[in-house]
Amino acid sequence: MNDEYVVLKNGRTDTLALSGWTISDDSGHTYRVPSGVSLAVGETVTLYTGSGSDSASELYWGQVGRCEQRR
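Throughout, a residue's number is its position along its own chain's written sequence, starting from 1. Residues qualify for local features only when their pLDDT is at least 70, as the model is predicted, and side-chain atom pairs are given and counted only at 80 or more; totals for whole chains, interfaces and linings, by contrast, use all residues. Remark: hydrogens and water are excluded; side-chain values derive from all non-hydrogen atoms of the structure.

As for the confidence of the model for the protein
Residues with a pLDDT of 70 or more make up 90% of the protein, whose mean pLDDT is 90. Mean pLDDT values for the elements of the protein range from 45 in helix α1 (residues 66–70) up to 98 in strand β5 (residues 38–39). What pLDDT reports is the predictor's confidence in each residue, on a scale of 0 through 100. Each helix is a run of H or I in the DSSP string that is no shorter than four residues. Each strand is a run of E no shorter than two, and both are numbered from the N terminus.

Side note on the pairing of strand β6 (residues 44–48)
Using a 1.4 Å probe on the protein chains alone, a residue whose accessible area is under 20% of its type maximum counts as buried, one over 50% counts as exposed, and one in between counts as partly exposed. Counting buried positions along β6 gives 4 out of 5 residues, so the element sits mostly inside the fold. Summarising the sheet, strand β1 (residues 5–9) and β6 pair through 5 bridges and their orientation is antiparallel. Bridge pairing in β6 links Tyr5 to Tyr48. One bridge is not enough; two strands pair if DSSP finds at least two bridges between them.

In structure tokens form, the structure reads like this:
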């Protein structure tokens, strides 16, 4: 599932607080950006649909693939 991701980039002229933002997919799943996440000017963060450990530059939605759901 980590082959699916979206990259968020701050194109503003000041720091962008992302805490509480939500991202939804066509299946109705919603991801809420955790508290404390912000992007300085020009910075990016990649949101992966699969599992992993969040860091300053990577966030993980925690979705499982269809094959994993059937097990």
